[in-house]
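Structure at a glance
If you want the building blocks of each chain, they are given just below.
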Amino acid sequence: MTECLYQRDPECHRFESMVVEVRGEWLVLDRTAFYPGGGGQEPDRGTLSGMAVVEVRKDDGNILHKVPGHRFSVGDTVHGEIDWTRRCDLMKGHTGEHLLFSCLSRVSPELKLVKIAITSEKKSVIVGGELDWDRVALAERQVMDAIAQELPITERIVGRDDPYLTEARVKMERIHGESIRIIEIGDMDRAACSGVHVSNTREIGMLLVTGLTSARPVGDLEIEFEVGDRAKARASELAIMSLRAAEALGSTPNDLLGALGNMIGERERTAVALRRYGARALEDLVPSDINGIKLYSGIFESMDKKTVTEAATRFVRDRAACVLGTVSDRFMLVVACNPSIRVNCVEVLNKALERIGGRGGGKANFATGGAPMSVGAEEAMVAAIAAMTDGMMGSDI
Ligand SMILES: [Zn+2]
């Protein structure tokens, strides 16, 4: 059974120990400061006598270290070194997560902790329940207060029936032993945890929420955050971005959300008007007569795909064909005909689109497709109309 130095002393990052078992690339030591991960936190990285430790995991009471290419044998003494910069970041993140969830629970008591991710790349908590930016901001301020108060982080081992547990965050169904390790942050939070933490909230430096997005399963929310120097750097970046966004909108940072709301409202009104004009333009379309059959054709600006395909469906209910295009930053084309007209619309569509680097598909009597750019849209339209006309001329109905 490996002696876990990280639990007694989370600050320990250099240690001597002895190899007690070799399992191929994996080593078991009599004692280790390498944290094997847990509670959402990634395992440590570092070296054993200069050889890289690329993976660490727990196996019953043993901690296994993966050291590719090692030549150690049982009985060898090794010098262990934890990648301390990385571990400090993870400990700050982990302790920050305790604080953040604790404060989020104060502003939103129904909140349930679903999942935690504390890695070098990402720090987040996934929660179930109601949350919005106002409440997140409130919790973030409480976290920052706790950091400023320099609260000590201590551990307490208690029995399963200890009345102390009534005020602790603990999921009894996850506790297998008789005793439970509780991590206390001053007197503001108590949570069951077997992980590694900083010893004072001061060490976190800063905690900044950087994201609030919906997570799977549906209804859960993911709150991303940064700690320490990364939080400071990100806060500066985000401040500059919001200043630039306000400048671009001709607003001030304080009025940014209002200005954005107005812009979104305006855009929605424009889209409604555009759809109305588009529908009218489609209704006014005069068909040409090809071999006694109607052919509707036209190219429109910024008309949405739904409006165009609905119009095409309507046109070809009668014995008619249509070639409809819409141009925005890309080009979209619909080629359709009544099933009684024997023209392969997919062929007509692709023949026209391939000239401008586009493609599409569908059924023989209803094809849609597009090209990534609107350049050449008119040329493709002309080609599609010509191919459709040829097809209709040859149609033996
Ligand atoms: Zn913890």
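This text gives an overview of the structure that appears in the document. Keep in mind the model is a prediction, meaning the values are calculated, not measured. (Residues numbered from 1 in each chain as written. Predicted model: local features only at pLDDT ≥ 70, side-chain atom pairs only at ≥ 80, totals over all residues. Heavy atoms only, no water.)

1. Things to note about the nonpolar core
Short version of the rule: Within this scheme, the nonpolar core is defined by two criteria: the residues are buried Ala, Val, Leu, Ile, Met, Phe, Trp, Tyr or Cys, and they are joined through side-chain atoms within 4.5 Å. Exposure is judged per residue with a 1.4 Å probe applied to protein chains only, and the accessible area is read against the type maximum: over 50% gives exposed, under 20% gives buried, and values in between give partly exposed. Every helix listed is a DSSP run of H or I at least four residues long, and every strand listed is a run of E at least two residues long, numbered separately from the N terminus. We call two residues in contact when some of their heavy atoms are within 4.5 Å.
In this structure, Phe-15, Leu-48, Leu-100, Leu-131 and Ile-223 are the most contacted members of the largest nonpolar core, which totals 53 residues. With 8 residues, the top contributor of residues to this core is helix α2 (residues 84-107). What Phe-15 contacts, discounting residues up to four positions off in sequence, is Leu-5, Leu-29, Arg-31, Thr-32, Ala-33, Phe-34, Leu-48, Val-78, His-79, Gly-80, Glu-81 and Ile-82. Formed by 29 residues, the second largest nonpolar core is a distinct cluster that contains Ala-321, Leu-353, Ala-387 and Met-388.

2. Observations concerning the packing of aromatic side chains
What counts here: Each aromatic pair joins two rings of Phe, Tyr and Trp (for Trp, the six-membered one) with centres within 6.5 Å, and gets the label stacked for planes under 30 degrees apart, edge-to-face for over 60, and tilted for any other angle.
For the structure shown, the criterion picks out 3 aromatic pairs. On the numbers, 6.0 Å between centres and 80° between planes, the contact of Phe-15 with Phe-34 is edge-to-face. Within this pair, whereas Phe-15 is found in strand β2 (residues 14-23), its partner Phe-34 is found in the loop between β4 (31-32) and β5 (46-48), the two being separated by 19 residues in sequence. Both residues of the pair, Phe-15 and Phe-34, belong to the buried class. Look at Tyr-296 and Phe-315: their rings are 4.0 Å apart centre to centre, the planes differ by 10°, and that puts the pair in the stacked class.

3. Notes on the sheet that holds strand β19 (residues 320-327)
We apply this condition: Pairing between strands is defined by DSSP: at least two bridges between them are needed. Here an axis means a line fitted to C-alpha atoms, over the contact stretch when the element is a helix, while the angle between two N-to-C directions is reported on a 0 to 180 degree scale.
A sheet is described by the order of its strands in space; here 6 strands give the open sequence β17-β18-β19-β20-β22-β21, paired in mixed fashion. Taken across any chain shown, the strands that pair with only one partner, and hence form the sheet edges, are β17 (288-290) and β21 (359-363). Recorded for the sheet is a direction-independent mean angle of 15° between the axes of neighbouring strands. Pairing geometry for β21 and strand β22 (residues 366-371), over 5 bridges, is antiparallel. Residue Gly-360 lies in a different strand from β22, and its bridge partner there is Gly-369. With respect to the sheet, helix α6 (residues 305-315) is in contact with β18 (293-301), β19, β20 (331-337) and β22, its orientation differing from that of β19 by roughly 170°.

4. Focus on the coordination of the zinc ion
To keep things clear, this is the line we draw: Distances define the donors: N, O and S atoms within 2.8 Å of the metal qualify, as do those within 3.2 Å of Na, K or Ca. Water is excluded, so some sites may look unfinished. By the criteria applied here, four donors are tetrahedral when all angles lie between 85 and 135 degrees, four are square planar and six octahedral when opposite donors are over 155 degrees apart and every other angle lies between 65 and 115, and any other arrangement is irregular.
Taken together, the protein ligands of the zinc ion are His-94 (NE2), His-98 (NE2), Cys-193 (SG) and His-197 (NE2), with distances of 1.9 to 2.2 Å. Here the zinc ion binds 4 donor atoms, and the angle range of 101 to 124° at the metal identifies the geometry as tetrahedral. Taken in chain order, the donor set of the zinc ion reads H-x3-H-x94-C-x3-H. Of the two residues, His-98 is situated in helix α2 and His-197 in the loop between β14 (189-192) and β15 (207-215); the sequence distance between them amounts to 99 residues.

5. A look at the packing of helix α7 (residues 345-353) against helix α8 (residues 377-394)
The geometry of a pair of packed helices is captured by two quantities: the angle between their axes and the separation between those axes. The following threshold applies: Crossing chirality is assigned from the near helix's rotation relative to the far helix, an anticlockwise turn below a right angle marking it left-handed and a clockwise turn marking it right-handed. Three residue categories are used. Nonpolar comprises Ala, Val, Leu, Ile, Met, Phe, Trp, Tyr, Cys and Pro, charged comprises Asp, Glu, Lys and Arg, and polar comprises the others, including Gly.
Contact geometry of α7 with α8 gives a least axis separation of 8 Å together with a crossing angle of 150°. Along this stretch, α7 crosses α8, giving a crossing that reads as right-handed. Residues Cys-345, Val-348 and Ala-352 of α7 lie in contact with α8, whose contacting residues are Ala-380, Ala-383, Ala-384, Ala-387 and Met-388. When its residues are assigned to classes, the contact of α7 with α8 shows 8 nonpolar, no polar and no charged.

6. So, the pattern of salt bridges
Applied cut-off: Here a salt bridge means any side-chain nitrogen of Lys or Arg lying within 4 Å of a carboxyl oxygen belonging to Asp or Glu.
Across all of its chains, the model carries 20 salt bridges by this definition. When the shortest N-O distance is used, the salt bridge between Glu-184 and Arg-190 registers 3.9 Å. Classification of Glu-184 by relative accessible area gives buried; the value is 12%. One network of salt bridges, with partners in common, ties together Glu-21, Arg-23 and Asp-59.

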